[in-house]
Amino acid sequence: MLKLRSLLFVLFCLPILACAQQLPAPPVLAAKSWLLVESASGQELAGQAADQRLEPASLTKLMTAYLSFAAIRQGTIKLDQTVPVSQKAWKTGGSRMFIQVGTEVKVEDLLKGMIVQSGNDACVALAEAIAGDEGNFAQMMNREAQRLGMKGSSFRNSSGLPDPQHYTTARDLAILADALIRDFPEEYARYYSMKEFRYNNIRQPNRNRLLYIDPTVDGLKTGHTEAAGYCLVSSAKRGSRRLVSVVLGAASDSARAQESLKLLNFGFQFYDAVQLYAKNEPVTTLKVWKGKESTVRIGFPKDLVMAVPKGFGPKIRTELVAQQRLMAPIALGQVLATLKVSIDDKAYGEYPVLALEEVPAAGILGRTIDSIRLWFN
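Every value quoted in this text rests on a predicted model; they were computed, and no experiment measured them.

## What to know about the pairing of strand β8 (residues 229-238)
Point 1. When you tally the buried positions in β8, you get seven out of 10 residues, the bulk of the element.
Point 2. The sheet contact formed by strand β7 (residues 217-225) and β8 spans eight bridges and is antiparallel. Residue pairing across strands places histidine 224 opposite tyrosine 230, the latter belonging to β8.
Point 3. If you look at the hairpin formed by β7 and β8, you'll find three residues sitting between the two strands.
Point 4. Examined bridge by bridge, β8 and strand β9 (residues 241-250) share eight bridges and lie antiparallel to one another. When the sheet's bridge partners are listed, arginine 238 is paired in β9 with arginine 241.
Point 5. Connecting β8 to the antiparallel partner β9 that follows it, the hairpin turn spans two residues, and glycine 239 within it adopts a positive phi of roughly 70 degrees.

## A short note on the nonpolar core
In globular proteins that are soluble, nonpolar side chains generally tend to be buried together.
Point 1. If you look at the biggest cluster of nonpolar residues, it comprises 64 residues, and the most contacted ones within it are Met63, Phe69, Leu110, Tyr192 and Val233.
Point 2. Per-element accounting of this core gives the leading share, nine residues, to helix α7 (residues 170-183).
Point 3. The contacts of leucine 110, once residues within four sequence positions are left out, are Val83, Met97, Ile99, Val105, Ala122, Ala125 and Leu126.
Point 4. Listed in part, the 45 residues of the second largest apolar core include Leu243, Phe266, Leu286 and Ala355.

## Section: the pattern of salt bridges
Point 1. As enumerated under the stated definition, the model contains 17 salt bridges in all.
Point 2. Here arginine 297 ties to glutamate 357 by a salt bridge, and the two come within 3.4 Å at their closest N and O atoms. Taken together, the residues span a long stretch of sequence, with arginine 297 in strand β12 (residues 295-299) and glutamate 357 in the loop between β17 (346-355) and α11 (364-375) at a distance of 60 residues.
Point 3. For glutamate 357, a relative accessible area of 24% gives the class partly exposed.
Point 4. Between aspartate 344 and lysine 315 there is a salt bridge, and its shortest N-O distance comes to 3.8 Å. Of this pair, aspartate 344 sits in the loop between β16 (335-343) and β17 while lysine 315 sits in the loop between β13 (304-309) and β14 (316-322), placing them 29 residues apart in sequence.
Point 5. A relative accessible area of 38% means that aspartate 344 is categorised as partly exposed.
Point 6. Overall, lysine 315 belongs to the partly exposed group, its relative accessible area being 35%.
Point 7. One continuous salt-bridge network, built from bridges that share partners, spans Glu44, Asp51 and Arg171.

## A look at the packing of helix α2 (residues 61-74) against helix α4 (residues 107-115)
Packed helix pairs are specified by the crossing angle of their axes together with the interaxial distance, meaning the distance between the axes.
Point 1. It is at 10 Å that the axes of α2 and α4 come closest, and there the two elements cross at 160 degrees. Judged by the inter-axis angle, α2 sits roughly antiparallel to α4. Remark: the crossing between α2 and α4 carries left-handed chirality. On α4, the residues touching Lys61, Thr64, Ala65, Ser68, Phe69 and Ile72 of α2 are Val107, Leu111, Met114 and Ile115.

## Quick word on α2
Point 1. In this model, α2 (14 residues) spans 20 Å end to end at C-alpha, consistent with the 20 Å of a helix rising 1.5 Å per residue.
Point 2. Buried residues dominate α2, accounting for 11 of its 14 residues.
Point 3. Three or more residues of α2 are buried, namely Lys61, Leu62, Met63, Thr64, Ala65, Tyr66, Leu67, Ser68, Phe69, Ala70 and Ala71.
Point 4. After α2 finishes, the residue glycine 75 shows a positive phi value of roughly 90 degrees.

## A short note on the packing of aromatic side chains
Point 1. Enumeration according to the criterion identifies eight aromatic pairs in this entry.
Point 2. Arranged with centres 5.6 Å apart and planes meeting at 50 degrees, the rings of phenylalanine 69 and phenylalanine 184 form a pair that is tilted. Taken together, the positions of phenylalanine 69 in helix α2 and phenylalanine 184 in the loop between α7 and α8 (185-191) put the pair 115 residues apart, joining distant regions of the chain. Note on accessibility: phenylalanine 69 and phenylalanine 184 belong to one class, buried.
Point 3. Note on tyrosine 188 and tyrosine 192: the rings are 5.4 Å apart at their centroids and 25 degrees apart in plane angle, and the pair reads as stacked.
Point 4. Using a relative accessible area of 3% as the deciding quantity, one classes tyrosine 188 as buried.
Point 5. Taking relative accessible area as the criterion, tyrosine 192 reaches 1% and is therefore assigned buried.
Point 6. A network of ring pairs unites the aromatic residues Tyr66, Phe69, Phe184 and Tyr191 as a single cluster.
Point 7. Above the ring of phenylalanine 312, the side-chain terminus of lysine 315 is found at 5.0 Å from the ring centroid.

## Looking at the confidence of the model for the protein
Low pLDDT means the predicted coordinates in that region are not meant to be read closely.
Point 1. In the predicted model, the protein carries a mean pLDDT of 89, and the fraction of residues at 70 or more is 90%.
Point 2. Mean pLDDT per element in the protein: helix α1 (residues 2-13) is the minimum at 41, and α2 is the maximum at 98.
Point 3. Considering only residues more than four positions removed or in separate chains, one finds that residues 1-21, a stretch of pLDDT under 50, has 41 contacts.

What counts, and where the lines are drawn
- Residues numbered from 1 in each chain as written.
- Predicted model: local features only at pLDDT ≥ 70, side-chain atom pairs only at ≥ 80, totals over all residues.
- Heavy atoms only, no water.
- Buried < 20%, exposed > 50% of the residue type's maximum accessible area, 1.4 Å probe, protein only.
- Helix = DSSP H or I, 4+ residues; strand = E, 2+ residues; numbered from the N terminus.
- Pairing = 2+ DSSP bridges.
- Core = buried A, V, L, I, M, F, W, Y, C linked by side-chain atoms within 4.5 Å.
- Contact = heavy atoms within 4.5 Å.
- Salt bridge = Lys/Arg side-chain N within 4 Å of Asp/Glu carboxyl O.
- Axes fitted to C-alpha atoms, helices over the stretch in contact; angles between N-to-C directions.
- Parallel < 35°, antiparallel > 145°, perpendicular 65-115°, else oblique.
- Left-handed = near helix turned anticlockwise from the far one by under 90°.
- Expected span 1.5 Å × (residues − 1).
- Phe/Tyr/Trp six-rings, centres within 6.5 Å; stacked < 30°, edge-to-face > 60°.
- Lys NZ or Arg CZ within 6 Å of the ring centre and 35° of its normal.
- pLDDT = per-residue confidence, 0-100.

Rendered as structure tokens:
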């Protein structure tokens, strides 16, 4: 079931863009890899080497946060629960929130220390509280990455400290950032826009410069090691639209912020978001043979929103291509048709259209009657 869901997610969120002559020229960034995504649809607006495997540094903490939020929701840990600080957590190198071995720290403080201060020590403490040790937690990270459809990622620790087998891609980070915002909206709003956090009388600012530059930016995470360079996954919401940008391998702290803002501004300034169909709104009904019902409604499991160049919205045309002689049983969410989108008669995207309901197979009599009818069709 999870593999099917991942397949449908990829099919739905990665439309085929085939009219490059109509698209605004995307910016060229001073970075190794980047990607800009329309959050509502997952549509790629600009990118370079988005599938190149690179060291993620502290961007790893997006997955640690995702699993921490999930653990809180499941009751594995609680926000007001105190967690003992182990020797390993205390000694973890790199950026820290400065928790002390032998003390106990609230889960919520560890979350803030990880998200705002990028504390590697906080990551280890959370990993140990959730999974017993960091090795077990890394296995959870990889399982979750597979479930989300992150095909180019491998995690070996909770913080992003360098390891030859610890890597991800700009595309996978965009998937992860979108999932975090979508699946944990309250937690995202509460923590990722925090500009500073004080712990142990040590005040540390959020390293995401865009929080101070652009009021529409409300997250997500910075990362840096010598090998990874300066990295930033950011998200901005202007009006009803949300974009997610990923910039990996910039030359400096200021460069990753400037290049990320350049990418976000490009998406907002040169594209409009157009909703073609609402969630679970029937696009049409199809004839079903040999089923308990003679028709099935088809549509989309989420709002079908696509980004189009400014001014091209009225020029959108759609064509539905459906399977012929559809036979029961039909499963909920089964791909039954394709919606082809064009602008000025040029192909722009293709989206799978899914069954909005299941249609069980008919009994022997019903199947026999339809078999006879099919002889004459």
